[in-house]
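For reference, the chains in residue letters:
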Amino acid sequence: MRRVSDGQEEIYSIMFSSLKHPARRKILRILADKPMTFSEMLELLGVSSSNLTYHLDNLGELVTKDENGIYKLS
């Protein structure tokens, strides 16, 4: 069996804790289909902007935002 490095272990920890909440899994699924703006995600998810911000923050480096405000999977 291959040994997991400390760096890989940290990445796995971030990924698994990020995926605990169903809203975060849904964000990843919709961004896998196509990159979109914050407003587009708000409309699709039907959550408050503070709730979406919270979940995006918890997704950490799994999601990036470009200079035009478009979110996508990293």
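Only a predicted model underlies this, so the values are computations on that prediction, with no experimental measurement involved.

> Please provide a residue-by-residue account of the overall build of the protein chain, values included.
Summing up its helical and strand segments, the protein chain has 4 helices and 3 strands in all. When the helices and strands of the protein chain are read in sequence order from the N terminus, they spell out α-α-β-α-α-β-β. C-alpha atoms of the protein chain, sized along the principal axes, occupy 45 × 25 × 20 Å. Put simply, the protein chain has 74 residues, and 22% of those count as buried. Long-range contacts, defined as pairs at least 24 residues apart, comprise 45% of the intrachain contacts of the protein chain with a sequence gap of at least 6. Accessible area for the protein chain stands at about 5,400 Å²; split by element, carbon and sulfur atoms hold 53% of it. In the protein chain, 10 side chains carry a positive charge and 10 a negative one; their mean positions are 7 Å apart.

> If you had to explain the nonpolar core to someone new, which residues and values would you point to?
It is characteristic of soluble globular proteins that their nonpolar side chains tend to be buried jointly. Among the nonpolar cores identified, the biggest contains 12 residues, and these are Ile27, Leu28, Ile30, Leu31, Met36, Met41, Leu45, Leu52, Leu56, Leu59, Val63 and Tyr71. Counting residues per element, the ones that place at least two in this core are helix H2 (22–33), helix H3 (38–45) and helix H4 (49–59). Ignoring sequence-local partners within four residues, the contact set of Leu28 consists of Leu19, Leu59, Leu62, Val63 and Leu73.

> I'd love a proper account of a negative patch on the surface, names of residues and values included.
A surface patch of negative charge is lined by Asp6, Glu9, Glu10 and Glu61. Its location among the elements puts Asp6 in helix H1 (residues 6–18). Residue classification places Asp6 among the exposed residues on the basis of a relative accessible area of 65%.

> Lay out the pairing of strand E3 (residues 70–73) with the relevant residues and their values.
In the sheet, strand E1 (residues 36–37) pairs with E3 via 2 bridges, with the strands oriented antiparallel. Within the sheet, the bridge partner assigned to Met36 lies in E3 and is Tyr71. The sheet contact formed by strand E2 (residues 63–65) and E3 spans 3 bridges and is antiparallel. Considered in E3, the bridge of Val63 is made with Leu73. Counting the residues in the hairpin turn of E2 and E3 gives 4 residues, including Gly69, whose phi is positive at 80°.

Conventions adopted
Residues numbered from 1 in each chain as written. Predicted model: local features only at pLDDT ≥ 70, side-chain atom pairs only at ≥ 80, totals over all residues. Heavy atoms only, no water. Helix = DSSP H or I, 4+ residues; strand = E, 2+ residues; numbered from the N terminus. Buried < 20%, exposed > 50% of the residue type's maximum accessible area, 1.4 Å probe, protein only. Contact = heavy atoms within 4.5 Å. Areas by Shrake-Rupley, 256 points an atom, 1.4 Å probe, with all protein chains shown as cover. Lys, Arg positive; Asp, Glu negative; His and termini not counted. Charge placed at Lys NZ, Arg CZ, Asp CG, Glu CD. Core = buried A, V, L, I, M, F, W, Y, C linked by side-chain atoms within 4.5 Å. Patch = residues over 30% accessible without salt bridge, like charges linked within 9 Å, V, L, I, M, F, W, Y side chains within 5 Å. Salt bridge = Lys/Arg side-chain N within 4 Å of Asp/Glu carboxyl O. Pairing = 2+ DSSP bridges.

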